[in-house]
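Survey of secondary and tertiary structure
This is what each chain is made of:
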Amino acid sequence: MSDLVRLDAASLAAEIAAGNASAVEVAEAHLDRIAATDDRVHAFLHVDADGALTAARAVDERRSRGEELGPLAGVPLAMKDVVVTRGLPSTSGSKILAGWRPPYDATVSARVKAAGIVMLGKTNMDEFAMGSSTENSAYGATHNPWDLSRVPGGSSGGSSAAVAAYQAPFGIGTDTGGSIRQPAAVTGLVGHKPTYGGVSRYGLIAFSSSLDQAGPLTRTVLDAALLHEAIGGHDPADSTSIDAPLPALVTAARDGARADLSGLRVGIVRELSGEGYEPGVLAGFAAAVTLLTGLGATVTEVSCAHFGYALPAYYLIAPSECSSNLARFDAVRYGLRVGDDGVRGLEEVMSLTREAGFGAEVKRRVILGTYALSSGYYDAYYGQAQKVRTLISRDFAAAFADCDVLVSPTTPTVAFPLGARVDDPMAMYAADLCTLPASLAGTPAISVPCGLSDGLPVGLQIMAPAQADDRCYRVAAAVETAVAGRDGRPILAAAPPV
Amino acid sequence: MTLAAPSYDDVLARYAPVIGLETHVELGTASKMFCGCPTEFGAEPNTQVCPVCLGLPGALPVANAAAIEATIRIGLALHCSIASWCRFARKNYFYPDMPKNFQISQYDEPLCTDGWVDVLLSGDTYRIEIERVHLEEDTGKSLHVGGATGRIHGATHSLVDYNRAGIPLVEIVTKPVTGTGARAPEVARAYVTELRDILRALGVSDVRMEQGSLRCDVNTSLSPLDSPVWGTRTETKNVNSLRSVERAVRSEILRQSTVLDGGGRITQETRHFHENTGQSTPGRSKEEATDYRYFPEPDLVPLAPAEEWIGQLRGTLPELPSARRARLQEAWGMSAPEMAAANAGALDLIEATVAAGAPPEDARKWWLGELSRRANEAGEELAALAVTPTQVAELVRLVASGAINDKLARQALDGVLAGEGDPGAVVEARGLAVVSDSGALTVAVDAAIAAAPEVAEKIRAGKVAAAGALVGAVMKATRGQADAQRVRDLILERLT
Ligand SMILES: [Zn+2]
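Cut-offs used in this document
- Residues numbered from 1 in each chain as written.
- Chains lettered and ligands numbered in written order.
- Predicted model: local features only at pLDDT ≥ 70, side-chain atom pairs only at ≥ 80, totals over all residues.
- Heavy atoms only, no water.
- Helix = DSSP H or I, 4+ residues; strand = E, 2+ residues; numbered from the N terminus.
- Rg over C-alpha atoms; globule rule 2.2 N^0.38 Å.
- Buried < 20%, exposed > 50% of the residue type's maximum accessible area, 1.4 Å probe, protein only.
- Contact = heavy atoms within 4.5 Å.
- Areas by Shrake-Rupley, 256 points an atom, 1.4 Å probe, with all protein chains shown as cover.
- Lys, Arg positive; Asp, Glu negative; His and termini not counted.
- Charge placed at Lys NZ, Arg CZ, Asp CG, Glu CD.
- Salt bridge = Lys/Arg side-chain N within 4 Å of Asp/Glu carboxyl O.
- Donors = N, O, S within 2.8 Å, 3.2 Å for Na, K, Ca; no water.
- Tetrahedral: all angles 85-135°; square planar, octahedral: opposite > 155°, others 65-115°.
- Phe/Tyr/Trp six-rings, centres within 6.5 Å; stacked < 30°, edge-to-face > 60°.
- Lys NZ or Arg CZ within 6 Å of the ring centre and 35° of its normal.
- Core = buried A, V, L, I, M, F, W, Y, C linked by side-chain atoms within 4.5 Å.
- Pairing = 2+ DSSP bridges.
- Polar contact = N/O pair within 3.5 Å; in protein donor to acceptor, adjacent residues only side chain to side chain.
- Axes fitted to C-alpha atoms, helices over the stretch in contact; angles between N-to-C directions.
- Domains from an automatic or database assignment.
- Buried area = accessible area lost by both parts, 1.4 Å probe.

Attention shifts here to the overall build of chain B. What chain B contains, in helices and strands, is 16 helices and 14 strands. Taking 23 Å as the expected radius of gyration for a compact globule of 496 residues, we find that chain B reaches 29 Å, considerably beyond that expectation. Structurally, chain B occupies a C-alpha span of about 90 × 60 × 50 Å along its principal axes. Counting the 496 residues in chain B, one finds 49% classified as buried. Taking as baseline every contact in chain B between residues at least 6 positions apart, the subset at least 24 positions apart corresponds to 69%. Accessible surface computed for chain B: about 22500 Å², of which carbon and sulfur atoms make up 52%.

Within chain A, the regular secondary structure consists of 16 helices and 11 strands. Its C-alpha radius of gyration of 21 Å places chain A within 12% of the 23 Å reference for a compact globule of 498 residues. With respect to the principal axes defined by its C-alpha atoms, chain A has extents near 70 × 55 × 45 Å. Expressed as a percentage of the 498 residues in chain A, the buried residues total 61%. Taking contacts inside chain A between residues at least 6 apart in sequence as the whole, the part at least 24 apart equals 76%. Split by element, the accessible area of chain A, about 16400 Å² in all, is 53% carbon and sulfur. Each charge class in chain A was averaged separately, 39 positive and 53 negative side chains, and the resulting centres sit 2 Å apart.

To continue, consider the pattern of salt bridges. Overall, the coordinates contain 57 salt bridges over all chains when judged by the stated rule. For the salt bridge of glutamate 301 of chain A with arginine 270 of chain A, the shortest nitrogen-to-oxygen distance reads 2.7 Å. One end of the pair, glutamate 301 of chain A, is in strand β8 (residues 298–302); the other, arginine 270 of chain A, is in the loop between β7 (265–269) and α9 (279–294), and 31 residues separate them in sequence. Looking at arginine 270 of chain A, the relative accessible area reads 43%, which means it is partly exposed. Each of Arg201 and Asp238 of chain A together with Arg90, Glu297 and Asp299 of chain B takes part in a single network of salt bridges with overlapping partners.

What follows deals with the coordination of the zinc ion. All names here are of chain B. Those protein atoms acting as donors to the zinc ion are Cys35 (SG), Cys37 (SG), Cys50 (SG) and Cys53 (SG), and they sit at 2.3 to 2.4 Å. Coordination geometry of the zinc ion: the 4 donor atoms subtend angles of 100 to 115° at the metal centre, consistent with an arrangement described as tetrahedral. Taken in sequence order, the residues that donate to the zinc ion follow the motif C-x1-C-x12-C-x2-C. Residue cysteine 37 is located in the loop between β1 (15–26) and α2 (65–77), and its partner cysteine 50 is located in the loop between β1 and α2; the two are separated by 13 residues in the primary sequence. The exposure class assigned to cysteine 37 is buried, which follows from its relative accessible area of 7%.

A full pass over the atoms with the stated rule returns 19 aromatic pairs over all chains. An angle of 80° between the planes, with centres 4.9 Å apart, marks the rings of tyrosine 314 of chain A and tyrosine 315 of chain A as edge-to-face. You'll find tyrosine 314 of chain A and tyrosine 315 of chain A in the same group, each marked buried. When the centroid spacing of 5.7 Å and the interplanar angle of 10° are considered together, the rings of phenylalanine 396 of chain A and phenylalanine 400 of chain A count as stacked. Of this pair, phenylalanine 396 of chain A and phenylalanine 400 of chain A are both found in helix α13 (residues 379–402), 4 residues apart, which corresponds to roughly one turn of the helix. As far as burial versus exposure is concerned, phenylalanine 396 of chain A and phenylalanine 400 of chain A are alike and both buried. In textbook terms, an aromatic cluster arises when at least three aromatic residues are bridged by ring pairs, as seen for Trp100, Phe128, Phe329, Tyr334 and Phe358 of chain A. One residue, lysine 91 of chain B, lies across the ring of tyrosine 292 of chain B, its end atom 4.5 Å from the ring centre. Against the face of tryptophan 116 of chain B rests arginine 127 of chain B, its NZ or CZ located 3.6 Å from the ring centre.

In globular proteins that are soluble, nonpolar side chains generally tend to be buried together. Core analysis: the largest hydrophobic core is formed by 214 residues, its most contacted members being Phe128 of chain A together with Ile74, Leu78, Ile172 and Tyr191 of chain B. Looking at this core, the element that brings in the most residues is helix α3 (residues 184–202) of chain B, giving 10 residues. Those residues in contact with isoleucine 172 of chain B, other than ones at most four positions away along the chain, are Leu21, Glu22, Thr23, Val25, Ile74, Leu78, Ile130, Arg132, Val133, Tyr191 and Leu195 of chain B. Judged by nonpolar contacts, the second largest core, of 33 residues, contains Met334, Trp366, Leu408 and Ala409 of chain B.

Residue and element names in this part refer to chain B. Ordered by their spatial adjacency, 3 strands build an open sheet running β4-β3-β14, and the pairing between neighbours is antiparallel. Of all the strands in the sheet, just β4 (102–105) and β14 (295–296) have a single pairing partner and so form its edges. Bridge count for strand β3 (residues 89–92) against β4 is 4 bridges, and the pairing is antiparallel. Residue pairing for β4: alanine 89 is matched across the bridge by serine 105.

On to unusual backbone geometry, then. Comment: phi is negative for the bulk of residues other than glycine, and the bulk of peptide bonds are trans. All names here are of chain A. In this chain, glycine 154 is followed by serine 155 through a cis amide linkage whose omega measures 5°. The topology assignment puts serine 155 in the loop between β3 (118–123) and α5 (157–164). Phi is positive for alanine 331, which is not a glycine, with a value near 75°. Along the polypeptide, alanine 331 turns up in the loop between α10 (310–325) and α11 (346–357). For alanine 331, a relative accessible area of 6% translates into the label buried. Backbone geometry at glutamine 467 places phi at a positive 65°, although glycine is not the residue there. Along the chain, glutamine 467 falls in the loop between β11 (456–463) and α16 (469–487).

One can find lysine 32 of chain B in the loop between β1 and α2. At 3.3 Å, the side chain of lysine 32 of chain B and the backbone oxygen of tyrosine 162 of chain B are in polar contact.

The next subject is the sheet that holds strand β4 (residues 170–175) of chain A. Residues and elements named next belong to chain A. Pairing in this open sheet of 11 strands is mixed, and the strands run β1-β3-β2-β4-β6-β5-β10-β11-β9-β7-β8 from one edge to the other. Lying at the two open borders of the sheet, with one neighbouring strand each, are β1 (44–47) and β8. Pairwise comparison of adjacent strand axes, ignoring direction, gives a mean angle of 30° for this sheet. Pairing geometry for strand β9 (residues 405–409) and β11, over 4 bridges, is antiparallel. Bridge pairing in β11 places leucine 406 opposite methionine 463. The strands touched by α9 are β7, β8, β9, β10 (445–453) and β11; relative to β9, the strand with the most contacts, the crossing angle is about 150°.

Once that is clear, we can look at the domain arrangement of chain B. As a measure of interface size, the accessible area lost when the parts come together is often cited. All names here are of chain B. Domain annotation for chain B reports domain 1 (8–311), domain 2 (321–430) and domain 3 (438–495). Taken together, the contact between domain 1 and domain 2 spans 6 residues of the former and 7 residues of the latter. Around 610 Å² of area is buried between domain 1 and domain 2 when both sides are counted, 51% of it from carbon and sulfur atoms. Applying the counting rule to domain 1 against domain 2 returns 2 salt bridges. Close ionic contact of arginine 196 with glutamate 381 constitutes a salt bridge, the shortest N to O distance being 3.7 Å. At the junction of domain 1 with domain 2, the criterion picks out 1 residue pair in polar contact (both at pLDDT 80 or more).

Let us now look at the interface of chain A and chain B. Between chain A and chain B, the contact holds 39 residues from the first and 31 residues from the second. In total, about 2600 Å² of surface goes out of reach between chain A and chain B, with carbon and sulfur atoms giving 59% of it. The largest per-residue losses of area from chain A upon contact with chain B belong to Ser239, Arg328 and Arg333 of chain A, which jointly make up 23% of the total buried on that side. In this structure, the connection of chain A to chain B is made through 1 salt bridge. Across the salt bridge formed by aspartate 299 of chain B and arginine 201 of chain A, the nearest N and O atoms sit 3.0 Å from each other. Those elements that place two or more of their residues in the side of chain A that touches chain B are α10, α11 and α12 (360–373) of chain A. Among the elements that line the side of chain A that touches chain B, the one with the most residues is α10 of chain A, at 5 residues.

Okay, here's the thing in structure tokens:
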């Protein structure tokens, strides 16, 4: 394995800027690494070697002309397949979009390219981001680099596995109910879900419009802040995008790395622990709380009484929105078309296509959502879930009156074995217990590795008020520094070689 | 033996109709409702599209501020309340001309509510109450190929043009209109006409029914005169002209009365109006109606028009057609029926003709008389005639100066309409000037007297009124190109 792939994104950018490595060499090293390992990991759905080398050459040429390059120029990236990329397959992990080559770039894709970041390809995911293990991909499961018999989390499991397996220094994920934070936690990475509206949704193949957010999956907190700054900020093409500058995220990450949280008020959410949480996870979380105290923070317990309703509310809102968002896959304009034999009518072709093109979990949620929105049921289901959402936001507001950040384990368990929960949707849904409240409230939350349980990584979730993403980065960077000081190495360094 | 269908008057002596109108107006904004695509009518299919209006995965809508502004102005012109906070909603149903398989519309939070508009029908005023005015996006257009009628049944395949998909569409819904009795069809037509004139005055749409930029669905129900409850209503779609609005209501009243007289029940359904037969056929029945699963559109932020902005928009409202009619009626000294006969288009033309120098009564006479007649014959709008207000003013001037008479003026108009140039040029080219050369006229007058000695005798005997016959003969001989007054003077000069 080339030493280049061991470097984090900030270090790679520095090497390229200093002329110690060319962007092409860096891209080739990562493409080689993918070629050598992806038959076991299956992180990528599509590797764009030509595109990556072309982009890398462009960066090298700009550098040789003496042009000023961005802070991430030449650094390779793994892009989740839910993000639309012009001319490149963008399937969202679904058969129904097989063969579709989008004629446009998502804002995230465009900003990645504009930053000189080199996209290596598109990563695997649960179909339409519906799942917590990447086993719902129509193109086969992804394996956790820590233990190939376990899941890499989901739905952004392709990106988490790619970054944890050193196939890419960082990646883009999307988080609707925890799909960045939970994969980050179970693969020993940093994963941040921005404030809703902080990163443009234009060009994210929609799962649940009021919840979806793109964000970074990285090996360091600083890298996450750098990538967040590259893709975030106002976008007029997304009406829900916040029209205000991002907080200074990189500055916050550098500040946090000095490992001083004196005066910081940290709240432990009582409802996000206890039954259903693995002892090893709770031990890792307790150790992280000890670290926070050691960093100078004041830690208290807070109660968020309605967090217990997050899961049922989420499983009404997200399926409702997805039932509408996924209606456009009808065989008329793009993607799969089944049964068009010149005899069958439109409706039959539509339903045969949707029958063949959607997987079981997608169908389950479309049916759930269609039902929840039906006249006569709307108030009892969708309407009620929106009220719960308001109550959860109020719980957050009350807690943030006394605390600067809230903390919890990111997931109740470490990475579970492949196949363990595929036949038990409720067990699968439980993987998002801790991450759902921030999704429903639209507030930012980060997962940072804080320990190991039986040799598998445990994540600490740090939640902040809306538009205070910088707090997440500052506290996460302090924890990262303290963990490395405690263990003598970063968590990810404990991962066995793939 | 078959019973003769009851007459319309007989039906209305026994039943009371209730009507309601849902009007869709395509706004004339430069770009579509939720993307930057142009909105021009008649472009090559699928050339005015982008990821947003094609509903491509990942694309997101951004609301067009100009469309929101236009909708608020429509609401204000219709005396509506403007919501201080409202949302778009998704209306979910599968149809291939709808790229996302949902339409972004408004549901229980329309932008404008509770307004009214007065319509004038030969002196009587009917107040039509407006339930709501909301904003939504238009669908694409399906073309069904291979079938006999262009409808989906029997077609071998369908083509879809998405140029229209996403064009801003305003829906204006009336409350049920009662108490119109036999005049229900006329009231319906007068309302749509008034609405069209208001929208035109606002400049928010080109309101062309034949191009579909103004579309109308008509609800009709019938109940026995003494019944306290209204009958079951039907909704007639595909009503594509003002005349059809009237015809659709009338034919539906007759159809429903026949069903009711026969002891039948009216089915709540959508009916399809046929322009050629003036009849409608049943479409989708409401019992099998789709559940649209409305919910607030999560991709858009709520609309919250500030009070101050609404006030500014109120200030931009133009003079509305009713106020304008009152002003012009006063200024031009027109009668109420004359005024009622003039729609906003005609008033525009008359006003422009007056501005070009013609006296109001002449301008009015030309546009509402001769020119209206010709427009009707051609089945065209008055404004579509190939004559400008300036040309009409020139015609008026030529007549007033005595250069031509009314008959010659109509011939000059023929030339103008045929594209032969301005009236003066046509008069010249066609040789239409009044024969004023005394020599030529004297010859014609003498010939007429010689040809009718008995008439000449009467005139000589003092019956001056008999001169009319001789004047007619001279006019005929000069093919109308003489000044009739001058001819009369010449005849009397010779015989008295
Ligand atoms: Zn468009």
